[in-house]
Amino acid sequence: PFAKQGRRQMGAATADISRELTISNVRAVLEAVRPILIADGGDIEVIGVSPERGAVMLGLMGACETCPAAPQTMESGVEKALLDHFGRDVLKEVVRVDQGAAGLGPDGVRRRVEAHLGELRDALREEGGHASVSECSQEGCRVEVAGHPMLRELVRASLSHRFPELTNELVEVEAVGAQA
């Protein structure tokens, strides 16, 4: 969503805000980016600030909380706006602490991919195939797929469409328990 917003416009909007790392100053800087988030059905809140650590804790809300593009929104929009204003000498880290942040780690990625595969399970089973997650990282999962090549392509296309931000690896395995 931030590609549409000019950087100079954001910088000009925050020129009169102090570089002191306080909740009110962080909120003031974020006022320049909130309309972009709100237009996409989300918002952002400041959970806390630690000037000693140079850390800001933020929570995405609404559609932004579960959006697949949330990590990019945080990095290229929110963090950039804060770093442009406060500078790296003042702001050392931006930490996302909302419910959606939990889904970004390997366990959260695994839960999301497994839930999606669960939606495909009956259709795969009817065609003599199956798919299961064998391991995950933040970047994606290794998915074992058995069945006709068309089924593997269905799983690949479905995962790519649902999780464009992930790099999932499909591994062909033999069907287990196939009935003769």
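Residues numbered from 1 in each chain as written. Predicted model: local features only at pLDDT ≥ 70, side-chain atom pairs only at ≥ 80, totals over all residues. Heavy atoms only, no water.

A. Structural view of the overall build of the protein. Within the protein, the secondary structure is distributed over seven helices and six strands. Burial status across the protein gives 39% buried among its 180 residues. Pairs at least 24 apart in sequence give 59% of the contacts found in the protein among residues at least 6 apart. Within the structure as shown, the protein displays about 10300 Å² of accessible surface, and the carbon and sulfur contribution to it stands at 50%. (Helix = DSSP H or I, 4+ residues; strand = E, 2+ residues; numbered from the N terminus. Buried < 20%, exposed > 50% of the residue type's maximum accessible area, 1.4 Å probe, protein only. Contact = heavy atoms within 4.5 Å. Areas by Shrake-Rupley, 256 points an atom, 1.4 Å probe, with all protein chains shown as cover.)

B. Inspection of helix 2 (residues 23-30) at higher detail. Of all the residues in helix 2, the buried ones are Asn25, Val26, Val29 and Leu30. Down the axis of helix 2, the sector holding all buried residues measures 135°, keeping them to one side. Residues of helix 2 that are buried in the fold lie against helix 3 (34-39), strand 1 (42-50), strand 2 (55-62) and helix 5 (70-86). (Arc of directions from axis to C-beta.)

C. Local environment of the environment of threonine 14. Tracing the backbone shows threonine 14 in the loop between helix 1 (7-13) and helix 2. Judged by its relative accessible area of 7%, threonine 14 falls in the buried class. If we ignore the near neighbours within four places in the chain, the residues touching threonine 14 are Val29, Ala32 and His85.

D. Representation of the side chain of serine 50 in the model. Relative to the assigned elements, serine 50 resides in strand 1. For serine 50, the contacting residues outside a window of four places in its chain are Leu21, Ala55 and Met57.

E. A look at the sheet that holds strand 3 (residues 93-96). Pairing is mixed across the open sheet formed by three strands, whose spatial order is 1-2-3. A strand with exactly one partner marks an edge of an open sheet, and here the two such strands are strand 1 and strand 3. Within this sheet the neighbouring strands show an average axis-to-axis angle of 30°, counted without direction. With eight bridges joining them, strand 1 and strand 2 adopt antiparallel strand pairing. Bridging across to strand 2, aspartate 43 finds its partner in methionine 61. Across the face of the sheet, helix 2 comes into contact with strand 1 and strand 2 while running at roughly 155° to strand 1. (Pairing = 2+ DSSP bridges. Axes fitted to C-alpha atoms, helices over the stretch in contact; angles between N-to-C directions.)

F. Representation of the confidence of the model for the protein in the model. On average, residues of the protein score 84 in pLDDT, and 85% of them reach the 70 mark or higher. Helix 1 is the least confidently modelled element of the protein, averaging 53 in pLDDT, while helix 2 averages 95, the highest of any element. Counting interchain partners and residues more than four positions distant, the pLDDT-below-50 stretch residues 4-8 has eight contacts. (pLDDT = per-residue confidence, 0-100.)

G. Spatial organisation of the sheet that holds strand 5 (residues 141-146). An order of 4-5-6 is seen for the three strands of this open sheet, with the pairing classed as mixed. Where the open sheet ends on each side, the last strands, each with one partner, are strand 4 (130-136) and strand 6 (169-172). On average, each strand axis in the sheet is tilted by 30° relative to the strand beside it, whichever way the strands run. Looking at chain direction, strand 4 and strand 5 are connected through six bridges and run antiparallel. Bridge pairing links cysteine 136 to cysteine 141 in strand 5. Where helix 6 (residues 106-126) meets the sheet, it contacts strand 4 and strand 5, and its direction lies at approximately 175° from that of strand 4. Helix 7 (residues 149-162) rests against strand 4, strand 5 and strand 6 of the sheet, and its axis sits at about 170° to strand 6.

H. A look at the state of the cysteines. Under the definition given, this model contains one disulfide. Each sulfur in the disulfide pair cysteine 136 and cysteine 141 lies 2.0 Å from the other. Negative torsions about the S-S bond denote left-handed disulfides, and the value of about 100° found for cysteine 136 with cysteine 141 makes this one right-handed. Among the residues examined, cysteine 141 registers a relative accessible area of 3% and is labelled buried. (Disulfide = S-S within 2.5 Å.)

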